[in-house]
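Residue strings, one per chain:
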Amino acid sequence: MRAVLIRWLTYFVVAFLLAGCGTAVHKQEVGSQVVKPHEDVVVKSIVPITLPFPEPEAVQDKTLTPDIVYSILVAELAMQRGDPELAYSHYIYGASLSGDARAAQQATRIATSMRDVDRSVAAVERWVALAPNLSQARATAVMLYLQAGQLEPAAEHLIALVKISQALGQDGFMRAVAVVGRSVNQQLGLQVMRRLVEAYPNEQQAHYALALVAVAAQQYAVAEKEIRGLLDSYPDRAKIHILLSNVLYSQGNAADAEQMLEEALANDPENRLLLTAYARMLMQAAKLQQGYEQFQKIEQLMPDDPDVLYTLGVLSIELQRLADARDYLQRLIESGSGKRLGDATYFMGRTYEVENQPDKAISWYEQVSSGDYVAEARTRIARLLALSGELKKARDMLQQLRRSMPHHAESLFLAEGEILQELEMHEKVVAFLEKALEQYPDSQSLLYLQALSAASLNRLDLMERDVTKILLQNPEHADALNALGYTLADQTNRYQEALGYIQKALALKPDAAAILDSMGWVQYRLGNYAEALRYLRQAMEKLPDPEVAAHLGEVLWVSGEHEEAAKIWRDVSERHPKNRYLLDTMQRFNP
């Protein structure tokens, strides 16, 4: 008798506590329409909605028995005590007794958290059976069957999901893309989307959805075929042209991708989506001036858009249009809108730093209190202080920042080392970074910086040690390979070994000016003057800095091209009159 009483008391307590969260099922009125809680639908009128699948017998027509309450209570307690298997079995049992879809949903969540595919599939099928028109249940079923590698049931539930979404006035095909796009098994997801297209062969949105999933799976040929089939008929012409251009670009057809957007813009020159896509593609192709011009057109259409103003400001700095940069950034700052105010303030400082106005730059950097460049602004203040002769103040500032911003400590160590290196205090760099590396022994950035200073000190042993540590972690660290190769070519007669390192680096970064310079230098050391000139001219075209100029001039001089060598040295020395490396080279060959 006592046990029965306790059980009935449990029934009343649990029924009261869980009345609004899953044990009991209630009706709610929306207009004149009855909507069950597991139907994810918001009705704003009294127009009835016909859902595609018949509902099971309503839970409210059944009696809420003590067995049901007991089963759910045991499941809840089991979860609190960390026993998911017991919780799963009682939720499944409770769902079978009560017909409550939410109990089956809980069982599905538990099985998924246990990474038990079989139980997950069984639970989600129970969930779908109890709530056949619930899109969340169908979406979960698709995901779990994709995870289990089962094509047919995944496709069946995906088609059902689309039907439900359409009945609710939603875009079912985009919902399908969102669900399938989360799957790790992208190739199987693509097959499932093909089944969806087979079910809706005449629906343009189905083909568009297949194209999107194909792009995510990097099946660009499939995506291109689907998109081209829609090119002349898809209602959103801008969207379809942008997608095709992205597919072409991803396949290495940058020229065709640009042409696609140019043709689309010729027919719709003020389309903001097309203009933005075209501008970003030009920027990806390093066509900054052309990208800048496209963003100017966008700015004429959207003069107060914070993202457009920010992009134009940053691009203007890249193009050395500093007055324009300040105009765009100032307008953004004065507007007080957007998420880029802190970043815009940082780049205002950059415009003055580029113009060699350190006081104004510092004034702007000090105002940066939000955004992505808070730590960078502080390190730039420290650098400007150090270059103006206040090295101790700069280093004290960086030390304080490492204490107040510990998550940036490694990058702040790096910044301080770079400042010392820029001041050519290589002994201090090595000593300082030895201490930093005690805290971050595997930091490739710190090891690389120390290796460069070691090379400047002719400490080949230390340089090789640091680079070896980097290459053990990352054998494809192109800059480390290049640094070691160049140092061996410059400071030793281990030319073949140096050539091997530089060849590996060049294969990884074929357009890098510094690596082209190294290849030219090692070819010169090997006596291959023509090859040396070929690489050094390429390097000089990409990066006309003093060291490349010194190398190119030296090879030209020993090749008998004295006049051209002297002209290169003279032109670069006018821009860099105090560069020691260039001046030493000029002195050796042309006193």
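Residues numbered from 1 in each chain as written. Predicted model: local features only at pLDDT ≥ 70, side-chain atom pairs only at ≥ 80, totals over all residues. Heavy atoms only, no water.

**Student:** Is there a simple way to think about the pattern of salt bridges in this case?
**Tutor:** Opposite charge on two side chains permits them to pair, given that their charged atoms come into close proximity. Evaluated as defined, the whole model comprises 32 salt bridges. For the salt bridge of Lys287 with Glu258, the shortest nitrogen-to-oxygen distance reads 3.0 Å. Of this pair, Lys287 sits in the loop between helix H14 (272-284) and helix H15 (288-301) while Glu258 sits in helix H13 (residues 254-267); the two residues are 29 residues apart in sequence, bridging distant segments of the chain. The class for Lys287 is partly exposed, based on a relative accessible area of 31%. A residue is classified by how much of its surface remains accessible, and Glu258, at 8% relative accessible area, is buried. A salt bridge links Arg580 to Glu424, with the nearest nitrogen and oxygen atoms 3.4 Å apart. (Salt bridge = Lys/Arg side-chain N within 4 Å of Asp/Glu carboxyl O. Helix = DSSP H or I, 4+ residues; strand = E, 2+ residues; numbered from the N terminus. Buried < 20%, exposed > 50% of the residue type's maximum accessible area, 1.4 Å probe, protein only.)

**Student:** In this structure, what is going on with helix H27 (residues 495-508)? I would like to understand it.
**Tutor:** In an α-helix, one full turn covers 3.6 residues, which means residues spaced three or four apart are oriented alike. Between its terminal C-alpha atoms H27 stretches 20 Å, which fits the 20 Å expected from 14 residues at 1.5 Å a residue. Looking only at H27, the buried set comprises Ala498, Leu499, Ile502, Ala505 and Leu506. Down the axis of H27, the buried side of the element spans an arc of 130°, and every buried residue falls inside it. H27 presents Gln496, Lys504 and Ala507 as exposed residues on the side facing more than 90 degrees away from its buried surface. In this structure, the buried side of H27 is in contact with helix H26 (478-491), helix H28 (513-525) and helix H29 (529-542). (Expected span 1.5 Å × (residues − 1). Arc of directions from axis to C-beta. Contact = heavy atoms within 4.5 Å.)

**Student:** Help me out: how do you make sense of the confidence of the model for the protein chain in this one?
**Tutor:** Detailed conclusions should not be drawn from predicted coordinates in areas where pLDDT is low. The share of residues in the protein chain with pLDDT of 70 or more is 90%, and the mean pLDDT across the chain is 88. Between residues 1-47, whose pLDDT stays under 50, and residues either more than four places distant or in other chains, the model counts 62 contacts. (pLDDT = per-residue confidence, 0-100.)

**Student:** Explain the packing of helix H30 (residues 546-558) against helix H31 (residues 562-575) to me, please; I cannot follow it from the model alone.
**Tutor:** Helix packing for two helices is described by the angle between their axes and how far apart those axes are. Between H30 and H31, the shortest axis-to-axis distance is 8 Å and the interhelical angle comes to 165°. Between H30 and H31, the crossing angle belongs to the class labelled roughly antiparallel. Considering the relative orientation of H30 and H31, their crossing is left-handed. Together, Pro546, Ala549, Ala550, Leu552, Gly553, Glu554, Leu556 and Trp557 of H30 and His562, Glu564, Ala565, Ile568, Trp569 and Val572 of H31 make up the contact between the two elements. Looking at the contact of H30 with H31, its residues break down into 10 nonpolar, 2 polar and 2 charged. (Axes fitted to C-alpha atoms, helices over the stretch in contact; angles between N-to-C directions. Parallel < 35°, antiparallel > 145°, perpendicular 65-115°, else oblique. Left-handed = near helix turned anticlockwise from the far one by under 90°. Nonpolar A, V, L, I, M, F, W, Y, C, P; charged D, E, K, R; others polar.)

**Student:** Is there a simple way to explain H15 in this structure?
**Tutor:** Taking 1.5 Å of rise per residue, 14 residues should cover 20 Å, and H15 covers 20 Å from first to last C-alpha, within 8% of that figure. Among all positions of H15, only Gly291, Tyr292, Gln294, Phe295, Ile298 and Glu299 are buried. Projection of H15 onto a plane perpendicular to its axis shows the buried side chains occupying an angular sector of 165°, all on one side. In this fold, the buried residues of H15 make contact with H13, H14, helix H16 (306-318) and helix H17 (322-335).

**Student:** Honestly, the side chain of Ser316 in this entry has me stumped. Any pointers?
**Tutor:** Tracing the chain through its elements places Ser316 in helix H16. Under the relative-accessibility criterion, Ser316 is labelled buried at 0%. Excluding residues within four positions of it along the chain, Ser316 makes contact with Tyr292, Arg321, Leu322, Asp324, Ala325 and Tyr328.

**Student:** Any chance you could explain the packing of aromatic side chains here in plain terms?
**Tutor:** Within the structure shown, the criterion is met by 13 aromatic pairs. Ring centres of Tyr346 and Tyr373 lie 4.5 Å apart, and the angle between their planes is 5°; on these two criteria the pair is classed as stacked. Linking Tyr346 in helix H18 (residues 341-354) with Tyr373 in the loop between helix H19 (358-365) and helix H20 (374-387), this pair joins segments that are 27 residues apart in sequence. Exposure remark for Tyr373: the relative accessible area of 24% places this residue in the partly exposed category. With a centroid separation of 5.2 Å and an interplanar angle of 75°, the aromatic rings of Phe347 and Tyr373 are classed as edge-to-face. With Phe347 in helix H18 and Tyr373 in the loop between H19 and H20, this pair connects stretches of sequence that are 26 residues apart. An aromatic cluster of three or more residues is present, and its members are Tyr310, Tyr346, Phe347, Tyr365 and Tyr373. Lying over the aromatic face of Tyr352, Arg326 brings its terminal NZ or CZ to 4.3 Å of the ring centre. (Phe/Tyr/Trp six-rings, centres within 6.5 Å; stacked < 30°, edge-to-face > 60°. Lys NZ or Arg CZ within 6 Å of the ring centre and 35° of its normal.)

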